[in-house]
Amino acid sequence: MALLQSKPPAGNDWAFEVKWDGYRLAVHIGPGKKVQIITRGGHDWTNRFPTIANDALEFGLDSAILDGEAVMLDERGASDFGALQKALGGRGGKRSAASAMLYAFDLLYLNGRDLRALRLDERRAMLEGVLAYQPHGSIRPSKEIKTEGAPFLELAGEFGLEGIIAKRRSAPYRSGRGGDWLKVKCVQSESFVIVGYEPSTAALGGIGRLVLAARKDGALVHVGGVGTGFSHASATALRKQMDELVIPKPALSVKGSRQAYRWLTPALVAEVEFRAWTDDGKLRHASYKGLREDAEAAEVTELP
């Protein structure tokens, strides 16, 4: 996983690519023409990405594991997280995203060989060789952008992209968030647990404000809330899910909490855009993007 940084690294050992805003997936191709698509949380979503699963067989490989991001593209060719959420039917939905694409950026296993000990540039060359046999399908390479990090980040911001990814060319594939992969965002966007909400008779879907939490030293800590970014449909669906998780007391300490808040079992993870952090560790100018259906509790933003 990529470690969040405030600015891109410099040097010849760093490769850069677009940060895609979708669902991280591992596509497992096995013997007998069997494909499994696994989310970062370990869920089998093969049936929810039928086109990607079908196209993975077209490579004609005995076995492989591809690492990538499933996305839906807008009219500009940028990834649209909301469109992907809508296609999948939201959290708990059973719909499939047949028009989703996979931008593959790593190859962990190929025809019986574990590739994780190889350098990134060696794995990337092998991945491009695999993808060259299916140039017009739903699985495409996430291209390396031949530039330095600072001008690439500026250009990404001008095009309205979420950010960029930097990867150390010489590094093997190591699970976790060790710093060989970095993410630098034009607009800050992170995952937070919804621990409560303020009901409203005037707001869309009856949600006045969500109460959010991040992780710090293994515990949940309050990071403020968000009251904008909802559509009528997304707010109504979210309110229905939250009302099934109501508990009598908050799952963490919240200073100055109002009696009107309804507290929730911390099970829902929201993706939230924000401008900055306040001095007391709260989100500034936050906007709700959607639920991260693929996120487990361990994937919630970890504060330093």
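Since the structure is predicted, the reported quantities are computational estimates derived from the model, not experimental observations. (Residues numbered from 1 in each chain as written. Predicted model: local features only at pLDDT ≥ 70, side-chain atom pairs only at ≥ 80, totals over all residues. Heavy atoms only, no water.)

Student: Please set out the side chain of Ser79 residue by residue, giving values where relevant.
Tutor: With respect to the helices and strands, the residue Ser79 is situated in the loop between strand 5 (64-71) and helix 2 (81-88). The class of Ser79 is buried, set by a relative accessible area of 19%. Reaching out from Ser79, the side chain makes a polar contact with the backbone nitrogen of Asp21 at a distance of 3.0 Å. Excluding residues that lie within four positions of it along the chain, Ser79 makes contacts with Trp20, Asp21, Val71, Met72 and Leu73. (Helix = DSSP H or I, 4+ residues; strand = E, 2+ residues; numbered from the N terminus. Buried < 20%, exposed > 50% of the residue type's maximum accessible area, 1.4 Å probe, protein only. Polar contact = N/O pair within 3.5 Å; in protein donor to acceptor, adjacent residues only side chain to side chain. Contact = heavy atoms within 4.5 Å.)

Student: A description of the packing of aromatic side chains should follow, citing residues and the corresponding values.
Tutor: A full pass over the atoms with the stated rule returns eleven aromatic pairs. Between Trp20 and Tyr103 the ring centres are 3.9 Å apart and the planes differ by 10°, which places this aromatic pair in the stacked class. Taken together, the residues span a long stretch of sequence, with Trp20 in the loop between strand 2 (14-18) and strand 3 (23-30) and Tyr103 in strand 6 (residues 101-110) at a distance of 83 residues. Ring plane angle 90° and centroid distance 5.8 Å describe the contact between Tyr173 and Trp181, whose orientation is recorded as edge-to-face. Trp181 carries the same exposure label as Tyr173, and that label is buried. (Phe/Tyr/Trp six-rings, centres within 6.5 Å; stacked < 30°, edge-to-face > 60°.)

Student: Please set out the nonpolar core residue by residue, giving values where relevant.
Tutor: With 33 residues, the main nonpolar core has Val27, Ile29, Phe49, Leu66 and Ile139 as its most contacted residues. Residue assignment for this core shows that the elements contributing at least two residues are strand 3, strand 4 (34-39), helix 1 (50-57), strand 5, helix 2, strand 6 and helix 3 (120-131). For Phe49, the contacting residues outside a window of four places in its chain are Tyr23, Leu25, Ile37, Ala70, Leu84, Leu88, Ala97 and Ala100. Core analysis: the second largest hydrophobic core is formed by 23 residues, Leu212, Ala235, Phe274 and Leu303 among them. (Core = buried A, V, L, I, M, F, W, Y, C linked by side-chain atoms within 4.5 Å.)

Student: Describe in detail the sheet that holds strand 10 (residues 181-185), supporting the description with residues and values.
Tutor: Ordered in space as 1-10-9-2, the four strands form an open sheet in which the pairing is mixed. Both edges of this open sheet fall to strand 1 (3-5) and strand 2, since each of them pairs with a single strand only. For this sheet the average axis-to-axis angle between neighbouring strands, irrespective of direction, equals 30°. Where strand 1 meets strand 10, three bridges bridge the pair, whose relative direction is parallel. In the sheet register, Leu3 faces strand 10, and the bridge partner there is Leu182. Most of the contacts of helix 4 (residues 149-158) go to strand 9 (residues 163-168), to which it runs at about 155°, and overall it touches strand 2, strand 9 and strand 10. (Pairing = 2+ DSSP bridges. Axes fitted to C-alpha atoms, helices over the stretch in contact; angles between N-to-C directions.)

Student: Outline the environment of Arg113, listing residues and values.
Tutor: Along the chain, Arg113 turns up in strand 7 (residues 113-114). Measuring from C-alpha to C-alpha, the distance between Arg113 and Tyr23 comes to 26 Å, with 90 residues separating the pair along the chain. Non-local contacts of Arg113, meaning those with residues more than four positions away in its chain, are made with Leu108, Leu118 and Met126.

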